[in-house]
2 protein chains.
Amino acid sequence: MRRRAVLGGLSAGLVAGVAAPAVAQSLPEIKWRMTSSFPKSLDTIYGTAQIFAQYVAEATDNRFQIQTFAAGEIVPGLQALDAVSSGALEAAHSPTYFYYGKDPTLGFGTGMPFGPNARLQHAWWHFAGGKEIINESLAKFNTISLACGNSGTQMGGWFRKEVNTLDDLKGLKFRIGGTGGKVLERLGVVPQQIAPGDIYPALEKGTIDAVEFVGPYDDEKLGFAKVAKYYYYPGFWEGGAMLHSIINLDQWNKLPKFYQAVLNNAAEAANNWMLAKYDAVNAPALRRLLSRGTELRPFSMDVMEAAYREANAFYNETAATNPLFKKALDSVNDYMGEQALWWQVGEYSYETLMLRTRIKR
Amino acid sequence: MRRRAVLGGLSAGLVAGVAAPAVAQSLPEIKWRMTSSFPKSLDTIYGTAQIFAQYVAEATDNRFQIQTFAAGEIVPGLQALDAVSSGALEAAHSPTYFYYGKDPTLGFGTGMPFGPNARLQHAWWHFAGGKEIINESLAKFNTISLACGNSGTQMGGWFRKEVNTLDDLKGLKFRIGGTGGKVLERLGVVPQQIAPGDIYPALEKGTIDAVEFVGPYDDEKLGFAKVAKYYYYPGFWEGGAMLHSIINLDQWNKLPKFYQAVLNNAAEAANNWMLAKYDAVNAPALRRLLSRGTELRPFSMDVMEAAYREANAFYNETAATNPLFKKALDSVNDYMGEQALWWQVGEYSYETLMLRTRIKR
């Protein structure tokens, strides 16, 4: 707004340094390629990349086109950041915690075990320093992120046998990746990394004892309910997993400022789409699973509190050697410490009432 | 996307019927005026109209300008819909439940007592028919809405004496408006409509016994804590109050399609801004209030369950004479019935853990 006042009648576009188009305020034609880290079969999470591209196209009269690709079509899902970093692709839709190995700080971009839920993760990103910290890490890879989607709280996974005590975790072969696996490993779990297509046979044959994936809708498709009876909750390692539109920094910097704003707004809209869409498909999927014999089990407080202690020990060890990780950890902890009482008084007390009056018995 | 395929190399802008600009794909200049229904002193809620206008300007290289006005600068806050309906203003930022008297269906646009929380209200709007129902009502007033902001769960208000039983509600002079007032009236409360500037003296003098307003941040500014000790929660009549950008339908229809998309995306981004901003300012405000002697009190289950019964009776009475209201009521109830189990298993169980580990004691 201030810029407008200074410029008066001049075209702001001229000053903003738009290079190509002849008319300053016109819509330049741009074509990008964006890889998702997920297959098309995960249609909600892959669909978020598509809806982001659609929102951008719609807001630019189809002049800014982002073509989306599933994992493996151009690069494997876990190499999305590399492809954007090198400039091979302009953009990726991916969770930053896939790149924990490059910088553990990136774990906080999607969310760490016992981290914020979806709403607080989004608020931390925009209002409490999250965006700046994660983009400081991503800048090392010549990239920048826009928050773009959230799964909400995920499920804790499918278990062939009940897990009641800490002893039940010892030696448990559990298909779980990322930081959740690292935390549970400290409690005796043997984390397994298995590609989606290979999980079902491994669980069926007993090569693994348990698997966590996403939530009822995606899990139902993979058929886990047929070979594992107990469906645990909550997925305390993914309380609100945030997805990102990760963009090559050179490509970002050469966009007209107003195209950057278009991307920002489209990412916020796509963020909301993903969260609402997952709720829309998960709720009936959970009902179907239960009607066919799946048994819900909450993790015991013993298990969750032990995991919480190990998570904090793990965070503190990492923080001791990585100053940016420490900055992220302190930032999340300060934010959550500040928000907890208000959340309990406001949202949580209302949800308690909402559930009490709405649950169909 | 389909349109692009059909048009091939043609400029889509030409076909979309953009009237004024010489170059089809340019950014036409548009200036709108938007009144908020709130004063500038409520800087978070008024700020949402400003941030919406800012996001629109940024995404159009400042070519689409929306000038915002506080309640009373052009029209009083409660006449915002009339002003947009008549075409005197292009847009308003307002909760639709202010216009319950025109069509009670509009109550559902912001949220009714015991309705969805912020996230589920937003999901109902986009994925479960909410947008279509509310816009069917708004079309009667030649307007259309974009969801644009949410307060989150509000507080239940400030009481000079404790309210423990249903008897304590009898004759209680309570500053509360809208449908919350209508429900509590059935339990013997005497609802009072008082403008913000007059509430404090009324409470101080004992002309009224209690007041509900918004949440800790806004309530703190009005000084209620100085004359009422007990701060009740939750505000079960506003579990997630949704704000709207209400737009004159003729103005909307004559926008280029891509400007409509810019508005849609900006509204989603502003929606998230308001929710996160309120959390950011409410959490420390609640802490300050408690440190200065305010005492938190949850409403008793007796009070809330009686209010729930009266709310449903009230809804059913209204539904009997208003088919669109009935459609909205059935839609919300179906959606909430479907979501409740999944919410309990996913979000609520995770929040329980999150609060257990995060509350500073």
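Residues numbered from 1 in each chain as written. Chains lettered and ligands numbered in written order. Predicted model: local features only at pLDDT ≥ 70, side-chain atom pairs only at ≥ 80, totals over all residues. Heavy atoms only, no water.

Draft legend 1. Layout of the packing of helix H3 (residues 43-59) of chain B against helix H12 (residues 257-291) of chain B. Residue and element names in this part refer to chain B. Two numbers describe how H3 lies on H12: the axes approach to 8 Å, and their chain directions differ by 145 degrees. The element H3 and its partner H12 pack so that their crossing is right-handed. Packed against H3, whose contacting residues are Thr44, Ile45, Gly47, Thr48, Ile51, Phe52, Tyr55, Val56 and Ala59, the element H12 presents Val262, Leu263, Ala266, Ala267, Ala269, Ala270, Trp273, Met274, Lys277, Tyr278 and Val281 at the interface. Per-class residue counts for the contact of H3 with H12 are 16 nonpolar, 3 polar and 1 charged. (Axes fitted to C-alpha atoms, helices over the stretch in contact; angles between N-to-C directions. Helix = DSSP H or I, 4+ residues; strand = E, 2+ residues; numbered from the N terminus. Left-handed = near helix turned anticlockwise from the far one by under 90°. Contact = heavy atoms within 4.5 Å. Nonpolar A, V, L, I, M, F, W, Y, C, P; charged D, E, K, R; others polar.)

Draft legend 2. Just the nonpolar core, in detail. Counting 128 residues, the largest nonpolar core has Phe236 of chain A together with Phe236 of chain B as the members making the most contacts within it. The contact partners of Phe236 of chain A, leaving out residues within four places of it in the chain, are Pro113, Phe114, Leu184, Phe299, Met304 and Ala307 of chain A together with Tyr350 and Leu353 of chain B. Formed by 121 residues, the second largest nonpolar core is a distinct cluster that contains Ile51 and Ala266 of chain A together with Tyr217 and Ala285 of chain B. (Core = buried A, V, L, I, M, F, W, Y, C linked by side-chain atoms within 4.5 Å. Buried < 20%, exposed > 50% of the residue type's maximum accessible area, 1.4 Å probe, protein only.)

Draft legend 3. Region of the structure containing helix H9 (residues 196-205) of chain A. Residue and element names in this part refer to chain A. Buried within H9 are the following residues: Ile199, Ala202 and Leu203. Down the axis of H9, the sector holding all buried residues measures 95 degrees, keeping them to one side. Across from the buried face of H9, at angles greater than 90 degrees, the exposed residues are Gly197 and Lys205. Immediately downstream of H9, the backbone of Gly206 shows phi near 85 degrees, a positive value. (Arc of directions from axis to C-beta.)

Draft legend 4. Expanded view of the sheet that holds strand E1 (residues 30-36) of chain B. All names here are of chain B. Taken in spatial order, the 5 strands of this open sheet run E2-E1-E3-E10-E4, and their pairing is mixed. Edge strands, defined here as strands with exactly one partner in the open sheet, are strand E2 (64-69) and strand E4 (143-150). The average angle at which neighbouring strand axes cross in this sheet is 25 degrees, direction not considered. Examined bridge by bridge, E1 and strand E3 (residues 91-94) share 3 bridges and lie parallel to one another. Of the residues in E3, the one forming a bridge with Ser36 is His93. Packed onto the sheet, helix H6 (residues 118-127) meets E4 and strand E10 (242-248) and runs at close to 155 degrees relative to E4. Across the face of the sheet, H12 comes into contact with E1, E2, E4 and E10 while running at roughly 30 degrees to E4. (Pairing = 2+ DSSP bridges.)

Draft legend 5. Broad picture of the interface of chain A and chain B. Tallying the contact residues gives 94 residues for chain A and 94 residues for chain B. Across the interface of chain A and chain B, roughly 8400 Å² is buried in total on both sides, 62% from carbon and sulfur atoms. The largest share of the area that chain A buries against chain B comes from Trp342, Tyr350 and Arg358 of chain A, three residues that together contribute 10% of it. One can count 6 salt bridges joining chain A with chain B. The interface formed by chain A and chain B contains 29 residue pairs in polar contact (both at pLDDT 80 or more). Of all elements in the fold, only helix H1 (2-7), helix H2 (12-16), helix H3 (43-59), helix H6 (118-127), helix H12 (257-291), helix H13 (301-319) and helix H14 (323-358) of chain A reach the threshold of two or more residues within the side of chain A that touches chain B. (Buried area = accessible area lost by both parts, 1.4 Å probe. Salt bridge = Lys/Arg side-chain N within 4 Å of Asp/Glu carboxyl O. Polar contact = N/O pair within 3.5 Å; in protein donor to acceptor, adjacent residues only side chain to side chain.)

Draft legend 6. Expanded view of the relation of the copies chain A and chain B. Screw-axis analysis of chain A against chain B gives a translation of 0.0 Å along the axis, an RMSD of 0.0 Å, and a rotation angle of 180 degrees. Here the two chains are linked by the operation of a two-fold rotation axis. Among all residues of chain A, the one whose C-alpha sits closest to the rotation axis is Ser26 of chain A, at a distance of 2.0 Å. (Least-squares fit on C-alpha atoms with pLDDT ≥ 70 in both.)

Draft legend 7. Geometry of the pairing of strand E1 (residues 30-36) of chain A. Residues and elements named next belong to chain A. Counting buried residues along E1, 5 of its 7 residues qualify, which places the element largely inside the surrounding structure. Pairing of E1 with strand E2 (residues 64-69), which is carried by 6 bridges, proceeds in the parallel orientation. By the bridge assignment for E2, Arg33 is matched with Gln67. In this region the chain leaves E1, passes through H3 and returns to the parallel neighbour E2; the handedness of that crossover is right-handed. (Right-handed = clockwise from strand over helix to strand, strands pointing away.)

Draft legend 8. Main features of the side chain of Ser151 of chain B. Residue and element names in this part refer to chain B. As for its position among the elements, Ser151 is in the loop between E4 and strand E5 (157-159). For Ser151, the side chain forms a polar contact with the side chain of Gln154, separated by 3.0 Å. Sequence-distant contacts of Ser151, defined by excluding residues within four places in its chain, comprise Ala241, Met274, Leu275 and Tyr278.

Draft legend 9. Quick peek at the sheet that holds E1 of chain A. Residue and element names in this part refer to chain A. Pairing in this open sheet of 5 strands is mixed, and the strands run E2-E1-E3-E10-E4 from one edge to the other. Taken across any chain shown, the strands that pair with only one partner, and hence form the sheet edges, are E2 and strand E4 (143-150). Between one strand and the next, the sheet's axes are offset by a mean angle of 25 degrees, whatever the strand orientation. As paired strands, strand E3 (residues 91-94) and strand E10 (residues 242-248) are joined by 4 bridges and run antiparallel to one another. Counterpart to Ala92 in the pairing with E10 is Ile246. Contacts from H6 reach E4 and E10, with the element oriented near 155 degrees to E4.

Draft legend 10. Spatial organisation of helix H7 (residues 130-139) of chain B. Every buried residue of H7 of chain B is accounted for by Gly130, Ile133, Ile134, Asn135, Ser137 and Leu138 of chain B. Check the buried side of H7 of chain B and you find it contacts helix H4 (80-86), helix H5 (107-110), H6, E4 and helix H14 (323-358) of chain B.

Draft legend 11. Representation of the pairing of E4 of chain A within the structure. Residues and elements named next belong to chain A. Of all 8 residues in E4, 8 are buried; the element is thus mostly enclosed. Bridge count for E4 against E10 is 6 bridges, and the pairing is antiparallel. Within E10, the residue paired with Thr143 across the bridge is Asn248.

Draft legend 12. Representation of the side chain of Thr179 of chain B in the model. By secondary structure assignment, the location of Thr179 of chain B is in helix H8 (residues 178-185). The contacts of Thr179 of chain B, once residues within four sequence positions are left out, are Tyr100, Met112, Pro113 and Phe314 of chain B.

Draft legend 13. Highlighting the pattern of salt bridges. Here the structure, examined in full by the defined rule, presents 36 salt bridges over all chains. Two residues, Glu317 of chain A and Arg186 of chain A, come together in a salt bridge whose shortest N-O distance is 2.8 Å. Placement of the pair is Glu317 of chain A in helix H13 and Arg186 of chain A in the loop between helix H8 (178-185) and strand E7 (190-192), with a sequence separation of 131 residues. Owing to a relative accessible area of 33%, Arg186 of chain A belongs among the partly exposed residues under this scheme. Salt-bridge contacts for Lys102 of chain B lead to Asp82 of chain B; the nearest nitrogen and oxygen are separated by 2.6 Å. With Lys102 of chain B in the loop between E3 and H5 and Asp82 of chain B in helix H4, this pair connects stretches of sequence that are 20 residues apart. By relative accessible area, Asp82 of chain B is classed as partly exposed at 37%. Through salt bridges that share partners, Glu162, Lys229, Glu295 and Arg297 of chain A make up one connected network.

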